[in-house]
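What follows is each chain in one-letter form.
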Amino acid sequence: MSKQIQAKKLVLVLCATLTAGTAVADINVGVTLSATGPAASLGIPEKNTIALLPTTIGGQKVNYIVLDDATDTTAAVKNMRKFVAENKVDVVIGSTTAPNSLAMIDIAAESETPMISMAGSAIVVEPLDAKRHWVFKSAQNDAHMATAIVEHMLNSKVQTVAFIGFADAYGEGWFKEFAKIAEARKIRVVASERYQRNDTSVTGQVLKTIAARPDAVLIGAAGTPAALPQKTLKEKGYKGAIYQTHGVANNEFLRVGGKDVEGALLPVGPLVVAAQLPDSAPSKKVALDYIAKYEAANGKGSVSSFGGHAWDAGLLLGAAIPQALKKAQPGSREFRVALRDAIEGVKNLPAAHGVFNLSAQDHQGFDQRARVMARVEGGKWVLVK
């Protein structure tokens, strides 16, 4: 073999070696959500939505590793540890509920892994301390939605209100934020009751609530368990206005609540009433696009608010990953840091539930464009104009 041929072969071998050495690893996304348990009506549409997210972003293959945490904080922590230790994920989407998301924060910070929660409580990202430096969320904050409720109450001449909510971080977060805003606007909170997500009766709490004679009741709960207090209030003859949180905006709540949830008032993301919004609404096009994709895969009328939070988490990654790829390779600490920084830097991104403008001071990033008031009428969500 001539020296010239040998040299050419050596060059080809070196080129192949260098190419293999610089190949970029896949991007791994861990997803933990509540597909079973009390929050299943929230987690199932989220799981269905993950299947619709792009498998290539910025020219790079994306793998989604999806685990069910069964609405259990211990399982959420176990899933998070598995993602970090075994799957070597670059980012985590989850979880569905505030308690599960809060339980995951320590691991996100310890492992320096960015995390996008789909829970509604502001406490998931506030206060923005060293641990929450790694945590973002795609669902509207309870404080943001509480403002819309108080505004509607004022316009409806509500002067006194009672609260019945979950005995967990979701319920406590809602009570804290709502009570603060309500009292500042001279609406008096005359009763505050709690119940567990898996309770089958809230008669005691409802009787105490009715005894306080409130003009309105706010139910600080999520998913199908939120129907129980409203059904009981109706059963016991309560005639005042009943408000729910954005945590009930899915068809399962309507099915379980039936005629007893007719007239319920609640703040919702634009996705829920997208077709009823003016064309000028910044989220309308994005929301309708998501609805079309989801219903094509899961059936007409199957879409829910909660799947939209998973979709919006995907939009955040779609905007941030290309920026992070300019600085580091997936599978490395440097990439996780770059991805965290890129998510925090997302600006003017229209999503199904609002327009993202994140910053070092705000890891949720929505403004008043992320919520409207709706009413349950004829078993459907109707925009309150």
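Further up the page is the structure itself.
Residues numbered from 1 in each chain as written. Predicted model: local features only at pLDDT ≥ 70, side-chain atom pairs only at ≥ 80, totals over all residues. Heavy atoms only, no water.

**Student:** Is there a simple way to think about the overall build of the chain in this case?
**Tutor:** In terms of regular secondary structure, the chain is built from 12 helices and 15 strands. Here the C-alpha atoms of the chain give a radius of gyration of 23 Å, agreeing with the 21 Å that 2.2 N^0.38 yields for 385 residues. Counting only C-alpha atoms and orienting by the principal axes, one finds that the chain spans roughly 100 × 40 × 35 Å. Counting only residues that meet the buried cut, the chain has 54% of its 385 residues in that class. Considering only contacts in the chain between residues 6 or more positions apart, those separated by 24 or more positions represent 68%. Put simply, the chain shows about 16,100 Å² of open surface, and 54% of that area lies on carbon and sulfur atoms. Of the side-chain charges in the chain, 43 are positive and 35 negative, and the distance between the mean point of each set is 4 Å. (Helix = DSSP H or I, 4+ residues; strand = E, 2+ residues; numbered from the N terminus. Rg over C-alpha atoms; globule rule 2.2 N^0.38 Å. Buried < 20%, exposed > 50% of the residue type's maximum accessible area, 1.4 Å probe, protein only. Contact = heavy atoms within 4.5 Å. Areas by Shrake-Rupley, 256 points an atom, 1.4 Å probe, with all protein chains shown as cover. Lys, Arg positive; Asp, Glu negative; His and termini not counted. Charge placed at Lys NZ, Arg CZ, Asp CG, Glu CD.)

**Student:** Explanation requested: the environment of S283 in the structure shown.
**Tutor:** Within the secondary structure layout, S283 lies in the loop between β11 (265-268) and α10 (284-298). Placed 37 residues apart in sequence, S283 and A320 show a C-alpha to C-alpha distance of 19 Å. Excluding residues that lie within four positions of it along the chain, S283 makes contacts with P270, A351, A352, H353, G354 and V355. Of note is the side chain of S283, whose polar atom sits 2.8 Å from the backbone oxygen of A351. (Polar contact = N/O pair within 3.5 Å; in protein donor to acceptor, adjacent residues only side chain to side chain.)

**Student:** Please explain the packing of helix α3 (residues 73-87) against helix α4 (residues 98-111) as it appears in this structure.
**Tutor:** Axis angle and axis distance: for two packed helices, these are the angle between their axes and the distance between the axes, and together they describe the pair. The contact between α3 and α4 brings their axes to 8 Å, and the two run at 25 degrees. Here α3 lies roughly parallel to α4, going by the angle between them. Crossing angle aside, the handedness with which α3 passes α4 is right-handed. Residue-level inspection shows T73, A76, V77, M80, R81 and V84 of α3 in contact with α4, the latter providing P99, N100, A103, M104, I107, A108, E110 and S111. (Axes fitted to C-alpha atoms, helices over the stretch in contact; angles between N-to-C directions. Parallel < 35°, antiparallel > 145°, perpendicular 65-115°, else oblique. Left-handed = near helix turned anticlockwise from the far one by under 90°.)

**Student:** Sorry, what's going on with the packing of helix α2 (residues 40-50) against helix α11 (residues 305-325) here?
**Tutor:** With their axes 7 Å apart at the nearest point, α2 and α11 run at an angle of 40 degrees to one another. Here α2 lies oblique to α11, going by the angle between them. In terms of crossing hand, the pair formed by α2 and α11 is right-handed. Of α11, the residues touching α2 (which contributes L42, P45, E46, T49 and I50) are F306, G307, A310 and W311. Classifying every residue of the contact of α2 with α11 by side-chain character gives 6 nonpolar, 2 polar and 1 charged. (Nonpolar A, V, L, I, M, F, W, Y, C, P; charged D, E, K, R; others polar.)

**Student:** Sorry if this is basic, but what is going on with the pairing of strand β15 (residues 380-383) here?
**Tutor:** When a strand is regular, its side chains alternate between the sheet's two faces. Residues W381 and L383 of β15 are buried on one face, while the alternating residues K380 and V382, pointing to the opposite face, are not. Note: strand β14 (residues 372-377) against β15, 4 bridges, orientation antiparallel. Looking across to β15, one finds that A374 is bridged to L383. Between β14 and the antiparallel strand that follows it, β15, lie 2 residues; G378 among them carries a positive phi value of about 60 degrees. (Pairing = 2+ DSSP bridges.)

**Student:** It is not clear to me how the pattern of salt bridges should be interpreted in this structure. Could you clarify?
**Tutor:** Proximity of charged atoms lets side chains of opposite charge pair with each other. Following the criterion strictly, the structure yields 18 salt bridges and no others. With a shortest N-O distance of 2.6 Å, E172 and R194 are connected by a salt bridge. Here E172 is found in helix α6 (residues 169-184), whereas its partner R194 is found in strand β8 (residues 188-195), with 22 residues between them in sequence. Assessed through its relative accessible area of 22%, R194 is described here as partly exposed. R255 is the salt-bridge partner of E252, the closest N and O atoms lying 2.7 Å from each other. Of this pair, E252 and R255 both sit in helix α9 (residues 251-257), 3 residues apart, which is roughly one turn of the helix. One network of salt bridges, with partners in common, ties together K231, K259 and D260. (Salt bridge = Lys/Arg side-chain N within 4 Å of Asp/Glu carboxyl O.)

**Student:** Any chance you could explain the environment of G314 here in plain terms?
**Tutor:** Residue position: G314 is located in helix α11. A relative accessible area of 10% places G314 in the buried class. For the pair G314 and S138, spaced 176 residues apart in the sequence, the C-alpha separation amounts to 9.4 Å.

**Student:** Where do I start with the packing of aromatic side chains in this structure?
**Tutor:** One pair of aromatic rings is described through two measures. These are the centre distance and the angle between the planes. Using the criterion set out here, one finds 7 aromatic pairs in the structure. Taken together, the ring pairs in this structure connect F166, Y170 and Y195 into an aromatic cluster. (Phe/Tyr/Trp six-rings, centres within 6.5 Å; stacked < 30°, edge-to-face > 60°.)

**Student:** Help me understand the nonpolar core in this model?
**Tutor:** As a rule of thumb, nonpolar side chains are buried together in soluble globular proteins. Membership of the largest hydrophobic core comes to 55 residues, with the highest contact counts inside it found for M153, W174, F178, Y243, F253 and W381. If you tally residues by element for this core, the top one is helix α5 (residues 142-155), at 6 residues. Those residues in contact with W381 that lie beyond four places of it in its chain are V248, A249, N250, N251, F253, L254, L266, V272, V273, Q276, R375 and V376. (Core = buried A, V, L, I, M, F, W, Y, C linked by side-chain atoms within 4.5 Å.)

**Student:** It is not clear to me how the sheet that holds strand β1 (residues 27-33) should be interpreted in this structure. Could you clarify?
**Tutor:** Two strands in a sheet stick together by hydrogen bonds in their backbones, pointing the same way (parallel) or opposite ways (antiparallel). What the 6 strands build is an open sheet, ordered β2-β3-β1-β4-β5-β6; its pairing is mixed. Every other strand in the sheet has two partners, leaving β2 (56-57) and β6 (135-137) as the edge strands with one partner each.

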